[in-house]
Amino acid sequence: MPRIAVAGFQHETNTFAPMQAQWADFEAADSWPGLLTRAAVVAETRGMNLPIAGFVAAAEAEGVDLAPLLWCAAEPAAHVEDAVFERVLGMMLEGLATAGPVDGLYLDLHGAMVTESHEDGEGALLARLREALGPDLPIVASLDLHANVTPAMVALTDALLIFRTYPHLDMAETGARCLTFLLDAAAGRRPAKTFRQLPFLVPLPAQYTGAEPCRGLYAAAMAEASEGATAEIALGFTAADIPDCGPAILAYAPVAEKAEAMADRILTRFLAAEPAFGTGMLSPVEAVRQAMAISAERPGRPVVIADVQDNPGAGATSDTTGLLRALVEAGAQGAMLALLDDAAIATRAHQAGVGAILEGALGGHSGADGDAPFHGRFLVERLGDGRCVFTGEMYGGSVAVLGPTAVLQVIDTPAEIRIVVGSRRSQCLDRALFTHIGLDPRAARIIVVKSTVHFRADFEPIAETVLTAAAPGVFPCRLDRIPYRRLREGLRLGPGGPPFVRPVD
C-alpha cells in the first residue's frame with residue numbers, strides 16, 4: 001500500500017471581524033484540539049467528527065501507511081497573521097522533509113482562509129506545497145461546505161471533496177471519502193475535473209441543508225456519484241471580502257465529458273433555485289414578541305431564537321446584547337441565553353461567589369453598529385470551570401474549554417432571563433453549553449443561541465419552533481448592507497440581489 005502524508009490547517013476568515021487569528025489561537029484547545037504534531041495528530045483526533053479523523057480511520061482500515069505531519073485550527077476571526085501562516089507552512093514542509101518518501105498528501109482544509117497577504121489562503125498554501133513536492137505528487141483535500149473555492153485550489157489538487165451537511169454532521173465521512181480518490185491518483189488514475197462559480201451569494205442562514213432548496217441540491221449532487229466520479233457543492237462564506245467569495249460546483253470523473261455534464265446539471269438546478277434562498281430574519285423585538293406569543297399558545301417546548309449575526313463560529317464576538325435587551329424590554333419569562341463572552345464579568349462572578357449581586361456592564365464590546373454594553377444588576381446563580389463536554393451529534397465527545405463561566409440572572413426587571421457567560425468565544429451549537437453549568441434548556445420557554453445553523457442539530461429536537469433574528473453583530477447576514485470592496489464585478493449580493501460594483505478608491 002502507498003505511504004500517505006496527512007496534515008490539516010483550518011481557518012474560516014471573517015474579513016470584517018475586529019480580531020486577527022494569532023499563533024495562540026491555533027495553539028489553544030477550544031471546541032477542537034490545540035495544535036498537534038506527528039503521532040498526536042492521529043491519537044488526539046481519533047473518533048472525533050473531524051475530516052482528518054475520518055481519513056485516518058479509513059486509511060488504517062485499508063492498511064495504508066500514514067505519515068502524520070501537523071493539524072491545527074482556530075476559532076473564526078479576521079485575517080490569519082502572515083507570521084502564523086508561514087510558521088504552520090514551515091512546520092508542514094519540515095515534516096514532509098523528515099517523513100521520507102510519500103506517495104500522496106491528504107489535507108484537512110477549510111477553504112475560506114484569508115491571510116494578511118493572501119486573499120486565497122489555501123491557494124497560497126497549496127502553491128508552496130506544490131513547489132516543494134513537485135507537480136506529480138497526488139494531493140487530495142477535504143473542504144468545509146462554506147469554502148470559497150478558487151481556481152488555484154482546483155488546479156493545484158487532484159480532488160477537493162466537500163461537506164454535504166450544514167450542520168456539519170459528515171465531517172469525518174468527508175475525510176474518509178478522500179481516501180479512494182487519493183489512492184486512485186497514487187495508482188495513476190487521476191480524474192478529469194471541472195469547476196463552476198455561481199453568479200450570486202447565498203446567505204449562511206439559507207445554507208441549512210435540512211430544508212429546501214439546499215436539501216434538493218445536495219441530493220442531486222449525491223445522485224451523480226458513481227465509480228471514480230463525484231459532484232461537490234460549496235456554498236461559500238459570505239464574510240470573506242475576496243473576489244472568489246461565493247458558491248461553487250466541482251465535478252470529477254474518469255473522463256472530462258462526464259465531469260462537464262455533471263457540473264452543468266447541478267449548475268442548472270442551482271440557478272433555478274436562486275429565488276428560494278431567502279433568510280426570513282426578524283428584528284430582535286419581533287423575534288421576542290413572536291417567541292412569547294408561541295410559548296403562550298403552545299407551552300411545553302422552548303422556542304429557539306438564533307442570534308445569527310453574533311455567531312463566533314463565523315468570526316463574530318459572541319458578546320452583543322441586542323437580543324438580551326429585547327428580552328428584558330419585553331418582560332420575557334423563562335428565557336435562557338448562551339454563550340455570552342465576557343471574561344471580565346465572569347471573573348467578577350467567581351470572585352464574588354454564588355448568591356452575590358453584580359452591577360455594571362455586560363457584553364457589548366464588539367464595536368458592531370447598533371450594539372452597546374447592557375448595564376444592569378445580576379444575580380450570580382451558578383459558577384463553572386468552563387469544561388464543556390459536547391453531547392450532540394455534531395461534536396459529541398469533544399470538549400470545549402470556555403474558561404471561568406457563570407450563570408447570571410438579570411434582576412430589577414419583571415423579565416426572567418438566565419445568561420451563560422464564558423471567558424472564551426464558543427458557538428452555542430450544543431445543549432451542553434447550558435447543561436455543563438447545570439441548566440436544562442428543555443425547561444426554558446425561550447432559548448437564545450449565538451449560532452447561525454449548527455445549533456439546529458441539537459436544539460431542533462427539543463424546540464417548538466426556530467426563529468432567526470438579525471440583531472447587531474460582526475457576522476452580517478444581510479448581504480446588500482455589507483461594505484464589500486473586493487468581490488468580483490457583477491456578483492449578486494444574495495438571491496435576486498443587486499450586482500456588486502467595485503468602489504473606486
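In what follows, the structure referred to is the one given above.
All values reported here derive from a predicted model rather than from experimental measurement.

### Describing the sheet that holds strand β6 (residues 159–162)
Taken together, the 6 strands give an open sheet; going across it, the order is β2-β3-β1-β4-β5-β6, and neighbouring strands pair in mixed fashion. The open sheet has two edge strands, β2 (36–37) and β6, and neither has a second partner. Summarising the sheet, strand β5 (residues 139–143) and β6 pair through 4 bridges and their orientation is parallel. Among the inter-strand pairings, Ser-142 is bridged to a residue of β6, identified as Leu-161. Here helix α4 (residues 82–99) sits on the sheet in contact with β1 (3–10), β2 and β3 (65–73), set at roughly 170 degrees to β3.

### Thoughts on the packing of aromatic side chains
The final tally for this structure, using the stated rule, is 14 aromatic pairs. With a centroid separation of 6.3 Å and 35 degrees between ring planes, the pair formed by Phe-9 and Phe-85 is classed as tilted. Separated by 76 residues along the polypeptide, Phe-9 in strand β1 and Phe-85 in helix α4 bring together distant segments of the chain. Plain terms: the ring middles of Phe-200 and Phe-277 are 6.0 Å apart, the flat faces sit at 50 degrees to each other, and that makes the pair tilted. Pair noted here: Phe-200 is in the loop between β7 (192–197) and α8 (214–223) and Phe-277 is in the loop between α9 (256–272) and α10 (284–297), with a separation of 77 residues, a long-range link. One exposure class covers both Phe-200 and Phe-277, and it is buried. By the ring-pair criterion, three or more aromatic residues cluster together here, those being Trp-32, Trp-71, Phe-390 and Tyr-395. Between the NZ or CZ atom of Arg-456 and the centre of the ring of Tyr-208, over which it lies, the distance is 4.6 Å.

### Looking at the packing of α10 against helix α11 (residues 322–330)
Direction vectors running N to C along α10 and α11 enclose 50 degrees, while the axes themselves pass 9 Å from each other. Between α10 and α11, the angle falls in the class oblique. α11 is crossed by α10, and the crossing has right-handed handedness. Of the residues in α11, those touching α10 at Pro-284, Val-285, Val-288 and Met-292 are Gly-322, Leu-323, Ala-326, Leu-327 and Ala-330. The residue makeup of the contact of α10 with α11, split by class, is 8 nonpolar, 1 polar and no charged.

### Comments concerning unusual backbone geometry
With an omega dihedral of 5 degrees, the bond running from Glu-212 to Pro-213 counts as a cis peptide bond. With respect to the helices and strands, Pro-213 occurs in the loop between β7 and α8. Going from Ala-338 to Leu-339, the amide bond is cis rather than trans, its omega being -10 degrees. With respect to the helices and strands, the residue Leu-339 is situated in strand β11 (residues 335–341). Even without a glycine there, the phi angle at Ser-318 is positive, about 60 degrees. In this fold, Ser-318 is placed in the loop between β10 (303–307) and α11. Of note in the backbone geometry, Asp-412 takes a positive phi value of approximately 65 degrees without being a glycine. Within the fold, Asp-412 resides in the loop between β16 (405–410) and β17 (417–422).

### A look at empty space enclosed by the protein
All told, the structure shown has 2 cavities of 30 Å³ or more when counted by the stated rule. Approximately 360 Å³ is the volume attributed to the largest cavity. As for the largest cavity, its lining consists of 27 residues, of which Glu-12, Trp-32, Pro-76, Gly-313 and Tyr-395 are closest to the centre. Roughly 40 Å³ of internal volume is contained in the second largest cavity.

### Points about the sheet that holds β10
Taken together, 8 strands build an open sheet; the order of strands is β12-β13-β16-β17-β11-β18-β10-β19 and the sheet is mixed. Across the chains shown, the open sheet's two edge strands, defined by having one partner strand only, are β12 (357–362) and β19 (465–469). Neighbour-to-neighbour, the strand axes of the sheet open up by a mean angle of 30 degrees, direction not taken into account. When β10 meets β19, the two strands line up parallel, connected through 5 bridges. Bridge pairing links Val-304 to Val-466 in β19. In the packing of α10 onto the sheet, contacts are made with β10, β18 (446–449) and β19, and the angle to β10 comes to roughly 165 degrees. Along the sheet, helix α12 (residues 343–352) contacts β11, β12, β13 (374–384), β16 and β17; its crossing angle with β12, the most-contacted strand, is approximately 175 degrees.

### Brief notes about the nonpolar core
Ranked by internal contacts, the top residues of the largest apolar core, which has 154 residues, are Phe-9, Phe-55, Val-149 and Phe-270. Beyond its immediate stretch of four places on either side in the chain, Phe-55 contacts Ile-4, Val-6, Leu-66, Tyr-106, Ala-172, Gly-175, Ala-176, Cys-178, Leu-179 and Leu-182. Val-288, Val-303, Leu-340 and Ile-419 belong to the second largest nonpolar core, which has 37 residues in total.

### What to know about α11
Of the positions making up α11, those classed as buried are Gly-322, Leu-323, Leu-324, Ala-326, Leu-327 and Val-328. At the exit of α11 stands Gly-331, carrying a positive phi of roughly 70 degrees.

### A closer look at the side chain of Thr-320
Along the polypeptide, Thr-320 turns up in the loop between β10 and α11. Side-chain polar atoms of Thr-320 contact the side chain of Asp-310, separated by 2.9 Å. Within the structure, the side chain of Thr-320 is placed 3.2 Å from the backbone oxygen of Pro-472, a separation counted as a polar contact. If sequence neighbours within four positions are ignored, Thr-320 has contacts with Asp-307, Asp-310, Leu-340, Ser-366, Asp-371, Lys-450, Pro-472 and Gly-473.

What counts, and at which threshold
- Residues numbered from 1 in each chain as written.
- Predicted model: local features only at pLDDT ≥ 70, side-chain atom pairs only at ≥ 80, totals over all residues.
- Heavy atoms only, no water.
- Pairing = 2+ DSSP bridges.
- Helix = DSSP H or I, 4+ residues; strand = E, 2+ residues; numbered from the N terminus.
- Contact = heavy atoms within 4.5 Å.
- Axes fitted to C-alpha atoms, helices over the stretch in contact; angles between N-to-C directions.
- Phe/Tyr/Trp six-rings, centres within 6.5 Å; stacked < 30°, edge-to-face > 60°.
- Buried < 20%, exposed > 50% of the residue type's maximum accessible area, 1.4 Å probe, protein only.
- Lys NZ or Arg CZ within 6 Å of the ring centre and 35° of its normal.
- Parallel < 35°, antiparallel > 145°, perpendicular 65-115°, else oblique.
- Left-handed = near helix turned anticlockwise from the far one by under 90°.
- Nonpolar A, V, L, I, M, F, W, Y, C, P; charged D, E, K, R; others polar.
- 1 Å grid on protein atoms, 1.4 Å probe; cavity = no way out; pocket = protein on both sides within 12 Å on 5 of 7 lines; lining within 4 Å.
- Points joined across faces, edges and corners; volume = space filled by probe spheres on them.
- Core = buried A, V, L, I, M, F, W, Y, C linked by side-chain atoms within 4.5 Å.
- Polar contact = N/O pair within 3.5 Å; in protein donor to acceptor, adjacent residues only side chain to side chain.

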